[in-house]
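Descriptive structure summary
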Amino acid sequence: QVQVVESGGGLVQAGGSLNLSCVVSGSTISIGWYRQVPGKERELIAIILNNGRANYPESMKERFTISRANANTVYLRAKTVKPEDTGVYYCNAKTSWTSHWGQGTQVTVSS
């Protein structure tokens, strides 16, 4: 039905940029990026609605940018990553009735 696939993770140099991609099959109401940092609960980074509006928690604002390439492809970009950004980044797609998670992509920020 609905499939979510993240890509772009891997080793990232501290101070460098992060560029992740989420490709979703099927129609959605919203697509969001989350992450799970070791020792912390999964947290919201940003959500983008089908109308193009994006929402960010205050802590993520100005650090991350979510954007759409098209209706089924969403990007997550970070201006400058820090070692503390290391974790598993997940993409989530919501339909009228369901929520779907990707398997996540590991992001490791090295000094």
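A short tour of the structure in this document, coming up.

About the criteria used
By convention here, each chain's residues receive numbers from 1 onward along its written sequence. Predicted model: local features are reported for residues with pLDDT of at least 70 only, side-chain atom pairs are reported and counted for 80 or more only, and whole-chain, interface and lining totals are derived from all residues. Processing note: side-chain calculations cover all non-hydrogen atoms of the structure and skip hydrogens and water entirely. Salt bridges are defined by distance alone: a side-chain nitrogen of Lys or Arg within 4 Å of a carboxyl oxygen of Asp or Glu. A helix here means a DSSP run of H or I that spans at least four residues, while a strand means a run of E at least two residues long, and both kinds are numbered starting from the N terminus. The cut-offs for exposure are 20% and 50% of the maximum accessible area for each residue type, with area from a 1.4 Å probe on protein chains only; residues under the lower value are buried, those over the upper are exposed, and the others partly exposed. In plain words, nonpolar cores are sets of buried Ala, Val, Leu, Ile, Met, Phe, Trp, Tyr and Cys residues tied together by side-chain atoms within 4.5 Å. Aromatic pairing here means that ring centres of Phe, Tyr or Trp (its six-membered ring) are within 6.5 Å. Orientation follows from the plane angle: under 30 degrees is stacked, over 60 is edge-to-face, and everything else is tilted. Geometrically, a lysine NZ or arginine CZ counts as sitting over a ring once it is within 6 Å of the ring centre and also within 35 degrees of the ring normal. At least two DSSP bridges between two strands are needed for those strands to be called paired. Between N-to-C directions, angles cover 0 to 180 degrees, with each direction set by a line fitted to C-alpha atoms, over the stretch in contact for helices.

**Things to note about the pattern of salt bridges**
Under the counting rule described, the total for this entry stands at four salt bridges. Taking the shortest distance from any N to any O, the salt bridge between Arg-35 and Asp-85 comes out at 2.8 Å. In this pair, Arg-35 is assigned in strand β4 (residues 30-36) and Asp-85 in the loop between β8 (73-78) and β9 (87-94), connecting sequence segments 50 residues apart. Accessibility assignment for this pair places Arg-35 and Asp-85 in one class, buried. Taking the shortest distance from any N to any O, the salt bridge between Glu-62 and Lys-79 comes out at 3.6 Å. With Glu-62 in the loop between β6 (54-55) and β7 (64-70) and Lys-79 in the loop between β8 and β9, the pair connects residues that are 17 residues apart, well separated along the chain.

**With respect to the nonpolar core**
Counting residues in each nonpolar core, the largest one holds 24 residues, and the members touching the most others are Leu-18, Ile-31, Trp-33, Ile-45, Phe-64 and Tyr-89. Those elements giving two or more residues to this core turn out to be β3 (18-25), β4, β5 (43-49), β7, β8, β9 and β11 (105-110).

**Quick notes on the packing of aromatic side chains**
The geometry of an aromatic ring pair comes down to the distance between the two centres and the angle between the two planes. A full pass over the atoms with the stated rule returns two aromatic pairs. Relative to Trp-101, the ring of Tyr-90 lies with its centre 6.3 Å away and its plane at 90 degrees, an arrangement referred to as edge-to-face. Placement of the pair is Tyr-90 in strand β9 and Trp-101 in strand β10 (residues 99-101), with a sequence separation of eleven residues. Aromatic ring contacts, followed pair by pair, group Tyr-34, Tyr-90 and Trp-101 into a single cluster. Positioned above the aromatic ring of Trp-101, the side-chain terminus of Arg-42 is 4.5 Å from the ring centre.

**Concerning the sheet that holds strand β1 (residues 3-7)**
Strand order in this open sheet of four strands is β1-β3-β8-β7, and the pairing throughout is antiparallel. For this open sheet the edge positions go to β1 and β7, each flanked by a neighbour on one side alone. Neighbour to neighbour, the strand axes of the sheet diverge by 20 degrees on average, direction disregarded. As defined by bridge partners, β7 adjoins β8 across six bridges and the pair is classed as antiparallel.

**Details of the pairing of β1**
Burial along β1 is one-sided: the face carrying Val-4 and Glu-6 is buried and the face carrying Gln-3, Val-5 and Ser-7 is not. Inspection of the sheet shows β1 paired to β3 by five bridges, in the antiparallel sense. The residue of β3 that forms the bridge with Glu-6 is Cys-22.

**Observations regarding the pairing of β11**
The two faces of β11 differ: Thr-105, Val-107 and Val-109 on one face are buried, but Gln-106, Thr-108 and Ser-110 on the other face are not. Sheet topology note: the strand β2 (residues 10-13)/β11 ladder contains four bridges and is parallel. Counterpart to Gly-10 in the pairing with β11 is Val-107. Taken together, the three bridges between β9 and β11 define a ladder with antiparallel strand orientation. Looking across to β11, one finds that Tyr-89 is bridged to Thr-105.

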